[in-house]
Amino acid sequence: VNLERALAANARLGGHFVQGHVDATGTVADLSKHGQDHRFEVTLPPDIERYCIDKGTRAIDGISLTIAELGTSSATFWITPHTFLHTNLQSLAPGAPVNLEADLLAKYTEKLLQRS
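Residues numbered from 1 in each chain as written. Predicted model: local features only at pLDDT ≥ 70, side-chain atom pairs only at ≥ 80, totals over all residues. Heavy atoms only, no water.

**Quick look at the sheet that holds strand S7 (residues 97-101)**
Quick note on the threshold: At least two DSSP bridges between two strands are needed for those strands to be called paired. In DSSP terms, a helix is any run of H or I states spanning at least four residues, a strand is any run of E spanning at least two, and both are numbered starting from the N terminus.
Strand order in the open sheet made by the seven strands is S4-S3-S7-S1-S2-S6-S5, with antiparallel pairing throughout. For this open sheet the edge positions go to strand S4 (63-66) and strand S5 (69-70), each flanked by a neighbour on one side alone. The pairing of S5 with strand S6 (residues 74-79) spans two bridges and is classified as antiparallel. Along S6, the bridge assignment pairs Glu69 with Thr76.

This is the structure:
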């Protein structure tokens, strides 16, 4: 499990919004070492893919990551050595299921636009 402390109400706001919810599951398509980094590709079901944009964010197993490349049904992330060593990503392999959290702001925007 990947855990971080919750943001304090008086703290500087930075990074990505992650709530820890599971909106869908995907599958690890690739996790391979490239130099000091790792290429991490995850399949995206349609109900999550619609919330993805190139260079947007996605929480995978509670880890907030930036989408480096967005395909039609997958997203690719480049994982730094620090992130790889300090999360449970090192325990994953192709074919493993992962929990996906959709972008909070995208979900709110969709809901607001549905009301118009």
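**Thoughts on the packing of aromatic side chains**
Basically, it comes down to this: For this analysis, a ring pair means two rings from Phe, Tyr or Trp (six-membered ring only for Trp) whose centres lie within 6.5 Å, classed as stacked if their planes differ by under 30 degrees, edge-to-face if by over 60, and tilted for the remaining angles. A 1.4 Å probe rolled over the protein chains alone gives each residue an accessible area, and that area as a share of the maximum for its type sets the label: buried under 20%, exposed over 50%, partly exposed in between.
This structure, assessed with the given rule, holds one aromatic pair. Note on Phe40 and Phe77: the rings are 6.1 Å apart at their centroids and 40 degrees apart in plane angle, and the pair reads as tilted. One end of the pair, Phe40, is in strand S2 (residues 37-43); the other, Phe77, is in strand S6, with 37 residues separating them in the sequence. We classify Phe40 as buried; its relative accessible area is 0%. Phe77 gets classed as buried once you look at its relative accessible area, which sits at 0%.

**Description of the nonpolar core**
For clarity, the threshold we go by: We define the nonpolar core as a collection of buried residues of types Ala, Val, Leu, Ile, Met, Phe, Trp, Tyr and Cys that are connected through side-chain atoms lying within 4.5 Å of one another. Between two residues, a contact is recorded if the distance between any of their heavy atoms is within 4.5 Å.
Within the largest apolar cluster, 23 residues are counted, with the highest numbers of intra-cluster contacts made by Phe40, Ile60, Phe77 and Leu92. The set of elements that each furnish at least two residues to this core consists of strand S1 (24-34), S2, S4, S6 and S7. The contacts of Phe77, once residues within four sequence positions are left out, are His38, Arg39, Phe40, Val42, Arg58, Ile60, Leu65, Thr66, Ile67 and Ala68.

**Looking at the pairing of S1**
Alignment of S1 against S7, held across four bridges, turns out to be antiparallel. Within S7, the residue paired with Gly26 across the bridge is Val98. Summarising the sheet, S1 and S2 pair through six bridges and their orientation is antiparallel. Note that in S2 the partner of Val28 across the bridge is Val42. Between S1 and S2, which pair antiparallel in sequence order, lie two residues; one of them, Gly35, sits at a positive phi of approximately 65 degrees.

Any functional reading would require information that these geometric values do not contain.
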